[in-house]
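Coordinates in review
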Amino acid sequence: MSLFQEEQVNGNEAPNDKILLVDADTIIYATASVHEEEQLHPNWPNENYEEPFYTLDLEAAEEVVISKLNYMKERTGCSEIALYFTGRSNFRYEIFPEYKKGRKKVRHPSGLHELKDLFVEKYGNAFMCTGWEADDEVVYLKEKDPDKYMLAAIDKDVLNATPGRHYNYNKDSFIETSRITASYWPFYQCIIGDSGDGIKGVPGLGPKKAEKFIDKSMSDDELWGGVVEAYKFKDLGEEEAILTMQLVNMHQFDGKTVNLWRPSV
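These lines cover the structure that appears in this document, whether it is placed above or below. On a predicted model such as this, the values are computed, not experimentally measured, just so you know.

Before going further, it helps to examine the nonpolar core. Taken as a class, soluble globular proteins show a tendency for nonpolar side chains to be buried jointly. Phe187, Ile191, Ile214, Trp224 and Val227 are the most contacted members of the largest nonpolar core, which has 27 residues in total. Where this core is concerned, the elements lending two or more residues are α7 (179-192), α9 (220-233) and α10 (238-248). Ignoring sequence-local partners within four residues, the contact set of Val227 consists of Phe187, Cys190, Ile191, Ile214 and Ala241. If you look at the next biggest cluster of nonpolar residues, it comprises 26 residues, including Ile27, Val65, Phe85 and Phe174.

We now examine the pattern of salt bridges. Counted according to the given criterion, the structure contains nine salt bridges. Measuring nitrogen to oxygen at the nearest pair gives 2.8 Å for the salt bridge that ties Arg92 to Asp136. Here Asp136 lies in helix α5 (residues 134-144) and Arg92 lies in helix α3 (residues 91-95), a separation of 44 residues in the sequence. Assessed through its relative accessible area of 0%, Arg92 is described here as buried. Among the residues examined, Asp136 registers a relative accessible area of 1% and is labelled buried. One salt-bridge network, in which partners are shared between bridges, spans Arg92, Glu133 and Asp136.

Calculation rules
- Residues numbered from 1 in each chain as written.
- Predicted model: local features only at pLDDT ≥ 70, side-chain atom pairs only at ≥ 80, totals over all residues.
- Heavy atoms only, no water.
- Core = buried A, V, L, I, M, F, W, Y, C linked by side-chain atoms within 4.5 Å.
- Buried < 20%, exposed > 50% of the residue type's maximum accessible area, 1.4 Å probe, protein only.
- Helix = DSSP H or I, 4+ residues; strand = E, 2+ residues; numbered from the N terminus.
- Contact = heavy atoms within 4.5 Å.
- Salt bridge = Lys/Arg side-chain N within 4 Å of Asp/Glu carboxyl O.

Below you can see the structure in the form of structure tokens.
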């Protein structure tokens, strides 16, 4: 059974006084990817240019993003919306240089950073996260004041990190995450890893095998004991498990700074 169940809902949610808390990196990335335009160098083919270059009309892209956000706001019934973007610095790169290294081989769309900067500079409800990810901050805010916000994201890391009714804006669906699932999730992901981010976890232990070491009935201390056993099963040490937990855990930001996770025992 899936750790969380997504629910397709026809029509819009009833109007409410919540703020739609948006992990907005993917919206910007997708918009820039779709709307960038390939250009040829002015002197091509008379001069030897190996590749075309790309441009993004920032004003046109801004309109696309705003249209998407307006739809999300209407869909969820929220009265306000707040956007969070990940800046260029991030503690995960400092503790693990291989973090998301595979993505560096992929060309990022033109205007990606400029479009983020435009929203932060132009709109009072758009914020850049420096030193941590947008994921960390939106989870912190939702956890701190759950009745004030509805969380909007697409990543399981975020949607499973904190309890409540959340909106997956990629699938246009709602999910309900329980407190038990939110508590269990980082330990579970510490074992299975996250290939998209270059986090290995325990090689050879996928979702089914992870459940041989941990389950939702366990306390946090018991869950961590199960994680350590899973790492030992593949001749890996506890410090490697701790590093992985620091990479996957979304509860290390306290509103001002990052406090890296350490086991309590």
